[in-house]
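Next come the chains, spelled out residue by residue.
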Amino acid sequence: MAKKTVPPIKIALAGNPNAGKTSLFNVLTGSRQHVGNYPGVTVEQRWGHYKVNGQRVDVVDLPGTYSLTSFSPEERVARDELLHTQHDVVVVVADSTALKRSLMLLVQVMQLGATPVLCLNMSDEAMASGQRIDRKRLELELGFPVVETVGHKGKGRDDLIAAIFRASESKTSAKTPSLGEDLDGAIETISATLKLSGSLPQTKAWVATRLLVGDEKIAEELAGDVSKDTVALAKKEAERLSNETGQDISLFVTERYFAFVDDLLAKVVKTERRSDSRARSERIDRVLANPTFGLPVFGIIMFAIFWVTFTLGEIPMGWIESGQGMLSDWITGFWPQGSESALRSLLVDGVIAGVGGVVVFLPNIVLLFLGLALLEDSGYMARAAYLMDRVMHRFGLHGKSFVPMMTGFGCSIPGIMATRTLENERDRLTTMLVLPLMSCGARLPIWMLLIPAFFPPEWRAPALWGIYSIGILLAFLLALALRRTVLAGEAAPFVMELPPYRMPTSRALIKKMTERAWIYLRKAGTIILAVSIVLWVMSTYPKKDTYEVDAQLAQGIEMTDEEIEQARGGEDLRYSVAGRLGIAIEPLIKPMGFDWKLGTSMIGAFAAKEVFVANLGIVYSMGETTEDSEDLRNKLSRDYSPLVGFSLMLFLLIAAPCMATFAVTRRESGSWRWAFLQLGGLTLVAFLLSTTVYQVGRLLGAG
Ligand code: GDP
Ligand code: MG
């Protein structure tokens, strides 16, 4: 008997950020999942599948969103997926401890005419806080399945799977939520004139509502389906409603959404006593979000993270280093001793010295991200933003800007994209322009290399903390400068809801760390590898045939073999393309205390910041005898004073953001002008600051 092929059921998980979508996604799909990006944006996309009774179910985990109307990249992606992709079932994941907010999304999904399942997640916490939900009644009111789950524990999995199956069997769209006679009437009138094609017909109520509130984007996007007459009709209806109610139309619609949710909740929720987790959170916040010592505590917490990043990271780093040493020796062993080989040099001096030099810092990256993930998942990060708000206002910034800025510690690109949550254009531009000063993950390897080279052990963690702090401080100062000049204007007020504290789960943490580690390794294996090979070629060719050192030897100068080798290596490097470039820019960087070797290493760091570390590894590996096993940090502390080291760190912190940041700033700000202002401005500030530090330092007798 031929096997009948049944098409897979397609479902999407939608919900507020932190409602537990990803936890449920993991529970449903197990390891049968992939992570990637949505096309064209750096918003993460997760998709996977599971099987029940031979029926395959494909699942997408949508980015977190509070509504389908705002335009942060995450929200945009979620909106587009829900609007344009035909899902058999849309599971709305609600945070049961914040039902009102969660159900606001549900109303919109219902308007979209999806086939929903409501998943009341975090039911453990809601239960503990004394909240009781009459699930049966809620199901009856809504007309589609409602299940209770505890996402991170996998509780309620079978119920959820069964509910999804039931919903997909029924194939019934949610009935349009009733938003009051007047509004429903207007929506219906507008809907009647809509002729939506493809998968869109069932989204009429939602599209009509968007037209009613004057959403021009939707009219443009569906230009083929939405006639001018419909737009005009929507405008007339909006005016009528707003005259009748004396209210702004958007506000009016939002209020009706809320009213729908409130009615529903009044029918099904019984709260027995005050939320335990809220009460506990408030107690914790008396210390952590305290106006006087909240900020110092934040400083201490960050310091602890950097300390751990350093001290614990050193241990596995040693293992990786010795592993690479063994690998180099093993490769070198394939060639007869002392022989010249371009391939051997490419592998040992190019790939291992370059890529290996970056990979070595993997443990530090993992530890730093563990720390940041802990702050985020526990709910502490929201407190930090709240605390920073008052400080940031003095600098013409915004408490809300702090979240993109903290994201910038990971990578400037998502940080810059996250500025879309700022409504005010000036707030947004200011934040975006100074954001690269948040020391990103790609710069961590630079600090890991330079700090131990120039600071004694007990000063290393403070130095790391210091460089991050300098970045933040400078970001504030530059923001203030922008606010006083090109971007003058008031900063908008900040409202933010603090989520309750939660114990982060090890599963979520491990996942975040492995993802980060993988991204880091992938970058090392692609862009860093490519740049390393290019730099190896540039620092190997053209070859020199006669050496000055040989002439000196002929004149009878005494030198050890090692000194001769080293002198020849140095000459080779100066003669190569990379060396010549470094020497050419030396006059420019000399005021900061840098020589041509550092200049050579900086070439290409615009492609990716880690490249500086890779390049330095190659430059030192090329210019020296290969037998020399002294590590790079020792060579650096031998060649440069701590003053130069510090000046170098400052320069690398502030100067030219990487290429990708430049491109994203261009796209997000909508003009080359801002992107160039950022690039040029930051490089200029870097130059001035490093030069001042170096020159003043020298006058004072350091270095
Ligand atoms: P997402 O942003 O919607 O993808 O949310 P996540 O799945 O990343 O979950 C956010 C946090 O809530 C994580 O720390 C989870 O472990 C935790 N979490 C998820 N589901 C539950 C739940 O049902 N109860 C509790 N107490 N915590 C949960
Ligand atoms: Mg998620």
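Position numbers for residues start from 1 in each chain and track the written sequence from start to end. As a convention, the first chain written is A and the first ligand written is 1, with the rest following in written order. Given that the model is predicted, a residue must reach a pLDDT of at least 70 before its local features are reported, and side-chain atom pairs must reach 80 or more before they are shown or counted; all residues, however, enter totals for whole chains, interfaces and linings. With hydrogens and water stripped out, all remaining heavy atoms of the structure feed into the side-chain values.

Enquirer: Where do I start with the overall build of the protein in this structure?
Expert: Helix and strand assignments come from DSSP, with helices taken as H or I runs of at least 4 residues and strands as E runs of at least 2, each series counted from the N terminus. The helix and strand inventory of the protein stands at 31 helices and nine strands. With the C-alpha coordinates aligned to their principal axes, the bounding extent of the protein is approximately 105 × 75 × 55 Å. For the protein, restricting intrachain contacts to residue pairs at least 6 apart in sequence, the fraction spanning at least 24 positions comes to 75%. To be clear on the numbers: accessible area is Shrake-Rupley with a 1.4 Å probe, and residue cover counts the displayed protein chains and nothing else. Total accessible area computed for the protein in this model is approximately 32,000 Å², and 60% of it derives from carbon and sulfur atoms. In what follows, a contact means two residues having at least one pair of non-hydrogen atoms within 4.5 Å.

Enquirer: In this structure, what is going on with the nonpolar core? I would like to understand it.
Expert: A general tendency of soluble globular proteins is for nonpolar side chains to be buried together. Within the largest apolar cluster, 96 residues are counted, with the highest numbers of intra-cluster contacts made by Trp447, Leu450, Leu464, Tyr468, Phe594, Phe612 and Leu636. The residues contacting Leu450, other than those within four sequence positions of it, are Leu636, Leu648, Met649 and Leu652. In this structure, Leu68, Leu103, Ile190 and Val213 belong to the second largest nonpolar core, which totals 60 residues. Here, the term nonpolar core denotes a set of buried Ala, Val, Leu, Ile, Met, Phe, Trp, Tyr and Cys residues that are joined through side-chain atoms within 4.5 Å. Here's how the labels work: a residue is buried when its accessible area is under 20% of the maximum for its type, exposed when over 50%, partly exposed in between, all with a 1.4 Å probe on protein chains only.

Enquirer: How do you make sense of the packing of helix H15 (residues 362-377) against helix H22 (residues 506-540) when you look at a structure like this?
Expert: Packed helices, taken two at a time, are described by the angle between their axes plus the distance between the axes. Angular values range over 0 to 180 degrees, each being the angle between N-to-C directions of two axes fitted as lines to C-alpha atoms, with helices fitted over their stretch in contact. Between H15 and H22, the shortest axis-to-axis distance is 9 Å and the interhelical angle comes to 140°. When the axis of H15 is compared with that of H22, the two are oblique. Crossing handedness for the pair H15 and H22: right-handed. Only Ala508, Leu509, Lys512, Met513, Arg516, Ala517, Tyr520 and Leu521 of H22 make contact with H15, whose side of the interface consists of Leu362, Ile365, Val366, Phe369, Leu370, Ala373, Leu374, Glu376 and Asp377. Amino acids outside the nonpolar list (Ala, Val, Leu, Ile, Met, Phe, Trp, Tyr, Cys, Pro) and the charged list (Asp, Glu, Lys, Arg) are all regarded as polar, and Gly is one of them. Across the contact of H15 with H22, the residue classes tally to 13 nonpolar, no polar and four charged. For this classification, under 35 degrees means roughly parallel, over 145 means roughly antiparallel, 65 to 115 means roughly perpendicular, and everything else is oblique. We call a crossing left-handed when the near helix sits turned anticlockwise from the far one by less than a right angle, and right-handed when that turn is clockwise.

Enquirer: Can you walk me through the packing of aromatic side chains in this structure?
Expert: Note on aromatic pairs: each is described by the distance of the centres and the angle between the planes. Between rings of Phe, Tyr and Trp, where Trp is taken as its six-membered ring, a pair exists when centres lie within 6.5 Å; planes separated by under 30 degrees are stacked, by over 60 edge-to-face, and by other angles tilted. One pass over the structure, following the stated rule, counts twelve aromatic pairs. A centroid spacing of 6.1 Å and a plane angle of 75° characterise the contact between Phe303 and Trp465, whose relative ring orientation is edge-to-face. Placement of the pair is Phe303 in helix H13 (residues 294-332) and Trp465 in helix H21 (residues 460-484), with a sequence separation of 162 residues. Assessed through its relative accessible area of 32%, Trp465 is described here as partly exposed. Judged by centre distance (6.0 Å) and plane angle (90°), the rings of Trp536 and Tyr541 are edge-to-face. Judged by its relative accessible area of 5%, Trp536 is buried. Take Tyr541: its relative accessible area is 34%, and that puts it in the partly exposed class. Here the aromatic cluster, defined as three or more aromatic residues joined through ring pairs, consists of Phe298, Tyr380 and Phe402. Only lysine NZ and arginine CZ atoms are considered, and such an atom sits over a ring when it is within 6 Å of the ring centre and within 35 degrees of the ring normal. When the ring centre of Tyr620 is taken as origin, the NZ or CZ atom of Lys597, which lies over that ring, is 4.6 Å away. One cation-aromatic arrangement involves Arg666 over Trp672; the distance from NZ or CZ to the ring centre is 4.8 Å.

Enquirer: Would you mind going over the packing of helix H3 (residues 99-111) against helix H11 (residues 249-268) with me for this structure?
Expert: In the contact formed by H3 and H11, the axes pass within 9 Å of each other and the chain directions differ by 110°. By the angle class used here, H3 and H11 are roughly perpendicular. Note that H3 runs across H11; the crossing there is right-handed. Where H3 approaches H11, its residues Leu99, Lys100, Leu103, Met104, Val107, Gln108, Met110 and Gln111 are matched on the opposing element by Thr254, Tyr257, Phe258, Phe260, Val261, Asp262, Leu264 and Leu265. Broken down by class, the residue content of the contact of H3 with H11 amounts to eleven nonpolar, three polar and two charged.

Enquirer: When you look at the site of ligand 1 in this model, what are you seeing that I'm missing?
Expert: Working definition: residue near molecule or strand if any one of its non-hydrogen atoms lies within 4 Å of it. Ligand 1 sits among 17 residues. The nearest are Asn18, Lys21, Thr22, Ser23 and Gly151. Polar contact criterion, stated in full: a pair of N or O atoms within 3.5 Å, where within protein one must be able to donate a hydrogen and the other to accept it, and residues adjacent in sequence count only if both atoms are side-chain atoms. Within the contact set of ligand 1, a nitrogen atom lies 3.1 Å away from a side-chain nitrogen or oxygen of Asn121. Calculation on ligand 1 without its partners gives an accessible area of 580 Å², and the protein chains cover 88% of this total. Looking at the shell around ligand 1 residue by residue, the classes come out as four nonpolar, ten polar and three charged.

Enquirer: Looking at this model, I keep getting lost on the side chain of Thr29. Mind explaining?
Expert: Here Thr29 lies in helix H1 (residues 21-29). Reaching out from Thr29, the side chain makes a polar contact with the backbone oxygen of Phe25 at a distance of 2.8 Å. Once residues within four sequence positions are removed from consideration, Thr29 is found in contact with Gly48, His49, Tyr50 and Val59.

Enquirer: Help me understand the pattern of salt bridges in this model?
Expert: Pairing is possible between side chains of opposite charge, provided their charged atoms come close. Should a side-chain nitrogen of Lys or Arg be within 4 Å of a carboxyl oxygen of Asp or Glu, the pair is scored as a salt bridge. Under the defined criterion, the tally for this structure stands at 27 salt bridges. The salt bridge involving Glu125 is made with Arg502; its shortest N-O contact spans 3.1 Å. With a gap of 377 residues between them, Glu125 in helix H4 (residues 123-128) and Arg502 in the loop between H21 and H22 connect regions that are remote in the sequence. The exposure classification of Glu125 matches that of Arg502, with both residues buried. We note a salt bridge from Arg428 to Glu668, for which the minimum N-O separation is 2.8 Å. Of this pair, Arg428 sits in helix H19 (residues 425-434) while Glu668 sits in helix H30 (residues 659-669); the two residues are 240 residues apart in sequence, bridging distant segments of the chain. Here the two residues Arg428 and Glu668 agree in accessibility, since each one is buried.

Enquirer: Got a minute to help me understand the state of the cysteines in this structure?
Expert: Such a bond, covalent and formed between the sulfur atoms of two cysteines, is termed a disulfide. Disulfide: a pair of cysteine sulfur atoms within 2.5 Å of each other. A complete count under the given rule lists zero disulfides for this structure. Left without a disulfide partner, Cys440 is nearest to the cysteine sulfur of Cys411, which lies 6.3 Å away. Given a relative accessible area of 8%, Cys440 falls into the buried group.

Enquirer: So what exactly am I meant to see when it comes to the pairing of strand S1 (residues 9-15) here?
Expert: Within a regular beta strand, the side chains point alternately toward one face of the sheet and then the other, so they alternate between its two faces. Extensive coverage of S1 is indicated by the burial of six of its seven residues. Paired strands, as defined in this entry, are two strands with at least two bridges between them according to DSSP. As paired elements, S1 and strand S4 (residues 55-61) share five bridges and run parallel to each other. Bridge pairing links Ala12 to Val60 in S4.

Enquirer: Could you clarify how one ought to interpret the pairing of strand S3 (residues 44-52) in this entry?
Expert: Inspection of the sheet shows S3 paired to S4 by seven bridges, in the antiparallel sense. Looking across to S4, one finds that His49 is bridged to Asp58.

Enquirer: Can you help me understand the confidence of the model for the protein in this one?
Expert: Low pLDDT means the predicted atomic positions in that stretch should not be read closely. Along the chain, pLDDT gives the predictor's confidence residue by residue, from 0 to 100. On average, residues of the protein score 86 in pLDDT, and 93% of them reach the 70 mark or higher. Note on residues 625-629: pLDDT under 50 across the span, and six contacts to partners over four residues away in sequence or across chains.

Enquirer: Mind showing me how you'd approach a nonpolar patch on the surface here?
Expert: Together, Leu312, Ile315 and Trp319 give the surface a local cluster of nonpolar side chains, amounting to about 360 Å² of exposed area. Position of Leu312 relative to the elements: it lies in helix H13. Within this analysis, patches are made of residues with over 30% relative accessible area and no salt bridge. Like charges are joined at 9 Å or less; nonpolar side chains (Val, Leu, Ile, Met, Phe, Trp, Tyr) at 5 Å or less.

Enquirer: Looking at this structure, I do not really get unusual backbone geometry. What am I missing?
Expert: Among all residues save glycine, negative phi is the norm, and among peptide bonds the norm is trans. Note that the residue after Tyr541, namely Pro542, is joined by a cis bond; omega there is -10°. Along the chain, the position of Pro542 falls in the loop between H22 and helix H23 (548-554). Here the phi dihedral of Met122 falls at roughly 60°; this positive angle occurs in a residue that is not glycine. Mapped onto the elements of the fold, Met122 is located in the loop between strand S6 (116-121) and H4. Although it is not a glycine, Lys171 adopts a positive phi angle of roughly 55°. Along the chain, the position of Lys171 falls in the loop between helix H6 (157-170) and helix H7 (181-192).

Enquirer: Which parts of the structure should I look at to understand helix H14 (residues 342-359)?
Expert: Residues that lie three or four places apart on an α-helix share one face, since the helix turns once every 3.6 residues. Working definition for bend: take the seven residues up to and ending at a residue and the seven starting at it, fit an axis to each, and measure the angle between the axes. By the largest-angle criterion, Ile352 marks the main kink of H14, which is about 35°. Within the sequence span of H14, burial applies to Arg344, Ser345, Val348, Asp349, Gly350, Ile352, Ala353, Gly354, Val355, Gly356, Val358 and Val359. Sitting at the amino-terminal end of H14 is Ser341, which places a side-chain oxygen 3.3 Å from the backbone nitrogen of Leu343.

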